[in-house]
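# Structural overview
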Amino acid sequence: MIDTIATPGEFTQRWMDPPNFYLAPHLRPFRFTLPRALEILDVIRNDDEVRFTLLGDLDPGIRSTRTRAFRQAPVEEVAQWPFRLVHFHLARFYDDLLAGFQEEVMIPWRTFLSAHGFTWQRCSPLLFLSGPGGHSTYHTDQSHGLVWQIEGAKTFHSYYAPEEVMSAAAAIRCESTGEHPPLHDARTVQAVRMGPGDLLWSHVLTPHWVTGDTTLSMSVNLSHGGLARQGRFAQREQVLRDHWDKHPDEPWLTDLRNARY
Ligand SMILES: [Fe+2]
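Reading the values: rules and limits
Residues numbered from 1 in each chain as written. Predicted model: local features only at pLDDT ≥ 70, side-chain atom pairs only at ≥ 80, totals over all residues. Heavy atoms only, no water. Donors = N, O, S within 2.8 Å, 3.2 Å for Na, K, Ca; no water. Helix = DSSP H or I, 4+ residues; strand = E, 2+ residues; numbered from the N terminus. Buried < 20%, exposed > 50% of the residue type's maximum accessible area, 1.4 Å probe, protein only. Phe/Tyr/Trp six-rings, centres within 6.5 Å; stacked < 30°, edge-to-face > 60°. Lys NZ or Arg CZ within 6 Å of the ring centre and 35° of its normal. Salt bridge = Lys/Arg side-chain N within 4 Å of Asp/Glu carboxyl O. Expected span 1.5 Å × (residues − 1). Bend = angle between axes of the 7 residues up to and from the residue. Pairing = 2+ DSSP bridges. Contact = heavy atoms within 4.5 Å. Axes fitted to C-alpha atoms, helices over the stretch in contact; angles between N-to-C directions.

Looking at an unreviewed UniProt entry, the chain carries the name JmjC domain-containing protein, with the source organism given as Streptomyces crystallinus.

This is the structure:
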């Protein structure tokens, strides 16, 4: 079960606490059509900041052949492989592949946040692409995310009561990171099926994992670091701020260089 937030007023109430929720499509202050996932894959695989991971129990020979061929193989063939790909610096493509993204998505979204009393320290888009059977790791993010499913489908798994699974302090110590989620009672998991156009708010420092579908799946996560409203952080983010007060050398290590996925 997942709530759908339908008004800015509900959003300004609900963003402070888990669990995750849908944002109703009409609340989205932007309209933008990205190129098809296959086209994006074909361009972005050649960028030196792309992170590509082959998944599954592949024969070691096939694994190394595919790893070497990832940039040159026909893109239609790559799209059939079980893989995940992330790119955390989409601004590199604002002048060509993603022309208009800054003006049509990022500025309207930041304007929406600003108009409703929010401030932040980082707000940038992250790209997630996966092939058939692709999945993310089990992890937490040091940011709130607006997950925008663009093409294909996936299921976003998190917990109804993350505090019962992992404290913010444990998440900050990265105790959640692993290739697969730990054993859990399925009734405690909020499994959200996402199709094209769906928008999910993912709460900061809550453990989650994402499973893909049978086809290419593409989403963009608008990631927010240091999000506050009227000077107040969400409680889990406040734990992070308190941690940084005691470890002032660490905030510099938590930007996109160390984002987990
Ligand atoms: Fe994440």
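Text resumes after the structure shown.
### Concerning the coordination of the iron ion
Within the protein, the iron ion binds to His 139 (NE2), Asp 141 (OD) and His 208 (NE2); these donor distances fall in the range 2.1 to 2.2 Å. Every donor residue of the iron ion comes from the same chain, spaced as H-x1-D-x66-H. Residue His 139 is located in the loop between strand S6 (122–130) and strand S7 (144–151), and its partner His 208 is located in strand S11 (residues 208–211); the two are separated by 69 residues in the primary sequence. Comparing His 139 with His 208, the two get one shared label, buried.

### Here's the deal with the packing of aromatic side chains
Applying the stated criterion across every chain, the model contains 17 aromatic pairs. In this structure, Arg 229 packs its charged tip against the face of Phe 118, placed 6.0 Å from the ring centre.

### So, the pattern of salt bridges
Summed over the entire model, instances satisfying the criterion amount to eleven salt bridges. With its nearest N and O atoms 3.8 Å apart, the salt bridge here joins Arg 241 to Glu 237. Here Arg 241 and its partner Glu 237 are both found in helix H8 (residues 235–246), four residues apart, which amounts to about one turn of the helix. Like Arg 241, the residue Glu 237 is buried in the burial classification.

### Topic: helix H5 (residues 101–115)
For H5, with 15 residues, the first-to-last C-alpha span of 20 Å sits near the 21 Å given by 1.5 Å per residue. Ile 107 marks the point of greatest bend in H5, at about 25°, and the proline Pro 108 comes within the next four residues. Listing the buried residues of H5 in full gives Phe 101, Val 105, Met 106, Pro 108, Trp 109, Phe 112 and Leu 113. Count one or two residues on from H5 and you reach Gly 117, which has phi positive near 90°.

### So, the sheet that holds strand S13 (residues 228–229)
Pairing is antiparallel across the open sheet formed by three strands, whose spatial order is S5-S13-S14. Looking at strand neighbours, the two that pair on one side only are strand S5 (118–119) and strand S14 (232–233), the edges of this open sheet. Pairing of S5 with S13 involves two bridges; the strand directions are antiparallel. Paired with Phe 118 across the bridge in S13 is Arg 229.

### Description of the environment of Arg 236
The topology assignment puts Arg 236 in helix H8. Judged by its relative accessible area of 2%, Arg 236 falls in the buried class. Here Arg 236 is in contact with Pro 18, Pro 162, Glu 163, Met 166, Ser 167, Ala 168, His 203, Val 204, Leu 205, Thr 206 and Pro 207, once residues within four sequence places are set aside.

### Some thoughts on the sheet that holds strand S9 (residues 189–194)
Read across the open sheet, the three strands follow the order S9-S8-S11; overall the sheet is antiparallel. What marks the edges here is a single partner per strand, and that holds for S9 and S11. Between one strand axis and the next, the sheet turns by 20° as a mean value, whatever way the strands run. By the bridge criterion, six bridges tie strand S8 (residues 154–159) to S9 in an arrangement that is antiparallel. Its bridge partner being in S9, Phe 156 is matched across the sheet by Val 192.

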